[in-house]
Amino acid sequence: MKTLMKGNEAIAEAALQAGCRLFFGYPITPSTEIPEYMAKKMKRVGGTFLQAESEVAAINMVYGAAAAGERVMTATSTPGFSLMQEGVSYIFAAELPVVIVDVMRHGPGLGGLGATQADYFQLTKGGGHGDYHPIVLAPATVMEMVELTYLAFDLADEYRNPVILALEGISGQMMEPVEFMPYRPKALPPKTWAATGIGDKPKVNIVSYVLANEAGELHNLHWAKKIERMRAAEQRYDTYRMDDAEFALVAFGISGRIAESAVDILRAEGIRIGLFRPISLWPFPTDGMRKYSRIRGWLSVELSAGQMVDDVRLTVGSGTPVHFFGRQGGMTPDPEDVAEAFKMALHNELNAGGVR
Amino acid sequence: MKKYLIAGFGGQGVLFIGRILAQAGLEEDKQVTWLPSYGPEMRGGTANCSVIIAAKKIGSPIVSRPDIAVMMNTPSYKKFLPHVVPGGFMFLNSSIIPDTAALPSRADIRILRVPINEMAHEMGKDSVANIIMLGVIQAVTPVVSDAAIQAALAGISTKNHELKELNEKALNIGYQYGVSLG
């Protein structure tokens, strides 16, 4: 049965259904419905909700709980996410499965609560130190938030890697119909690596570093292999009206939805355009995007000063024009604004081919 | 696809009106989105929410050009009046928004004035003013069936029997008023 639910609450419920039994966090708008929901419901399923004294404490609690083999999550918003970066780097190095939700607010600095996607660089390029990558998933609908939360826990366990769900404040606050399909866990090996401290199994010790340079490099090479495995296997994207498209918008999350409406406006004017919507921000869906080699021009639509557009340019190469259109500071463009920006940016290409 | 924008002071139940409309859309298995305003406006004393009810998948859930606008206070009226689509509807809380030539108006949309605070006061329950407005909206611009609105309202207030009856009554009073507006 479908019910109306806020995005943040749907993520929290999906996490519980996926077997998350530990939540550590420090409330921050606009992510607060997640700890709020966990505080209400976690006890009923026999888990523990704990409000930490800070985001730094929360991410380290998550680190410890993951080392003990439990499904664990935290949720925060941009400034809190910044505070967690050291922990995320350590969690990657210790190869622990952790799910983090970043309900973005704008920046730099404290930032207001309006819609923004300006955490893209921090999310995808390694916000903390060292060569690492969390998997980053960007849902566009409340239903997709549920699906991607289920997936996030499986991916975290499968790769023993942090997985981040990234959404805009307004997406977390938005209500849409949602249905909780039964969670079916992916078949994964038991967590023999976990420091459970019980029974007569061999002692395990989870560390994030080795001091000898030679051994350190071996660690880095091992992680690099895992990064490549994730990069190859975990690219996700969705498309809208791309089948016969000559031009394309590329946008994720709430921008993806605005861009989808813009596609309809431009199609009604006879322009063959589609939308390419990355679902995994890391790994960026390069393989999927390169399938559309016939696209004569791209417009990256983002709520930032232009961040993902770099990855689009790297993906399609210098032979095809890639433009950027965005709003900042919590503002969102109307679909009509996106349509207009497209026509301005790709004016030459449109005329060269003749408007069809 | 119908787009609503409902705005007013915090505490006037604008988010709740939107919630019922969205739930009613869901009752009919339509696509719906409900989006509260979020930002300094809330602190400045105004709240608003966007609701979309559609037969097909909804792209942008943000409503900047509503078909149906519900304005519960003067600042909201002034702010959103230019944004209503031509041929659209604007429902005003005339208990608060004065009927004066000093305020801007538009001839290409239908503006309906409803004294919901007085009507609620007459009912003996000031807090149901928003439900009265919902009844008026349903009578004049029905997007979903009356049954769906009733079911949505009952579903949300089932725990409190007294409140449920009051809500039903308020919805009906608003509905009758809307019918009388033609």
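Computed from a predicted structure; not experimentally measured.

A. The arrangement of the interface of chain A and chain B in detail. Contacts between chain A and chain B engage 22 residues on the former and 20 residues on the latter. Summed over both sides, the interface between chain A and chain B buries roughly 1900 Å², with carbon and sulfur atoms accounting for 62% of that surface. When residues of chain A are sorted by the area they lose upon contact with chain B, Leu4(A), Met175(A) and Arg257(A) head the list and together hold 28% of the total. Between chain A and chain B we count three salt bridges in total. One salt bridge in this structure joins Arg65(B) and Asp334(A), with 3.5 Å as the shortest N-O distance.

B. Spotlight on the environment of Ile295(A). All names here are of chain A. With respect to the helices and strands, the residue Ile295 is situated in the loop between helix 11 (286-290) and strand 13 (297-302). Given a relative accessible area of 3%, Ile295 falls into the buried group. In the structure, Ile295 is positioned 48 residues away from Phe247 in sequence and 5.1 Å away in space, judged by C-alpha atoms. Every residue in contact with Ile295, bar those within four places of it in the chain, is listed here: Met242, Ala245, Glu246, Phe247, Ala248 and Thr320.

C. Inspection of the sheet that holds strand 2 (residues 22-25) of chain A at higher detail. Residues and elements named next belong to chain A. Strand order in the open sheet made by the seven strands is 3-2-4-5-7-6-12, with mixed pairing throughout. Of all the strands in the sheet, just strand 3 (48-51) and strand 12 (280-282) have a single pairing partner and so form its edges. The sheet shows a mean angle of 20° between the axes of neighbouring strands, taken without regard to direction. Note that strand 5 (residues 98-104) and strand 7 (residues 162-168) share seven bridges and pair parallel. Considered in strand 7, the bridge of Val101 is made with Leu165.

D. Fine view of the side chain of Gln307(A). Residue and element names in this part refer to chain A. Tracing the sequence through the fold places Gln307 in the loop between strand 13 and helix 12 (308-316). With relative accessibility at 11%, the residue Gln307 sits in the buried group. Not counting the four nearest positions on each side in its chain, Gln307 is found in contact with Ala118, Asp119, Tyr120, Phe121 and Glu302.

E. Layout of the pattern of salt bridges. Residue and element names in this part refer to chain A. If you walk through the whole model with that rule in mind, you get 22 salt bridges over all chains. Notably, a salt bridge pairs Asp238 with Arg277, separated by 3.2 Å at the nearest N-O pair. Taken together, the residues span a long stretch of sequence, with Asp238 in strand 9 (residues 237-240) and Arg277 in strand 11 (residues 273-278) at a distance of 39 residues. Taking the relative accessible area as the measure of exposure, Asp238 reaches 29% and is therefore partly exposed. The residue Arg241 makes a salt bridge to Asp264 at a minimum N-O spacing of 2.8 Å. Linking Arg241 in the loop between strand 9 and strand 10 (247-250) with Asp264 in helix 10 (residues 253-268), this pair joins segments that are 23 residues apart in sequence.

F. Up close: a nonpolar patch on the surface. Residues and elements named next belong to chain A. On the surface, a cluster of nonpolar side chains totalling about 360 Å² of accessible area is made up of Val207, Tyr209 and Leu211. For Leu211, the position within the fold is in the loop between strand 8 (175-178) and helix 9 (213-233). What makes Leu211 exposed here is its relative accessible area of 74%.

G. A look at the sheet that holds strand 13 of chain A. Residues and elements named next belong to chain A. Spatially, 9-11-10-13-14 is the arrangement adopted by the five strands of the open sheet, whose pairing is mixed. In the strand order of this sheet, the two ends are held by strand 9 and strand 14 (322-326), each with one partner. The mean inter-strand angle of the sheet, taken between neighbouring strand axes irrespective of direction, is 25°. Two elements, strand 10 and strand 13, share four bridges in a ladder whose sense is parallel. By the bridge assignment, Phe247 is partnered in strand 13 with Gly297. Packed on one face of the sheet, helix 10 meets strand 9, strand 10, strand 11 and strand 13 and runs near 170° to strand 11.

H. Summary view of helix 7 (residues 142-159) of chain A. Residues and elements named next belong to chain A. Along its 18 residues, helix 7 runs 25 Å from first to last C-alpha, staying within 8% of the 26 Å computed at 1.5 Å per residue. Across the 18 residues of helix 7, 15 count as buried, placing the element largely inside the fold. Note on helix 7: the residue one or two positions beyond its end, Arg160, has a positive phi of about 50°.

Cut-offs applied
- Residues numbered from 1 in each chain as written.
- Chains lettered and ligands numbered in written order.
- Predicted model: local features only at pLDDT ≥ 70, side-chain atom pairs only at ≥ 80, totals over all residues.
- Heavy atoms only, no water.
- Contact = heavy atoms within 4.5 Å.
- Buried area = accessible area lost by both parts, 1.4 Å probe.
- Salt bridge = Lys/Arg side-chain N within 4 Å of Asp/Glu carboxyl O.
- Helix = DSSP H or I, 4+ residues; strand = E, 2+ residues; numbered from the N terminus.
- Buried < 20%, exposed > 50% of the residue type's maximum accessible area, 1.4 Å probe, protein only.
- Pairing = 2+ DSSP bridges.
- Axes fitted to C-alpha atoms, helices over the stretch in contact; angles between N-to-C directions.
- Patch = residues over 30% accessible without salt bridge, like charges linked within 9 Å, V, L, I, M, F, W, Y side chains within 5 Å.
- Areas by Shrake-Rupley, 256 points an atom, 1.4 Å probe, with all protein chains shown as cover.
- Expected span 1.5 Å × (residues − 1).

No statement about biological role is implied by the geometric values presented.
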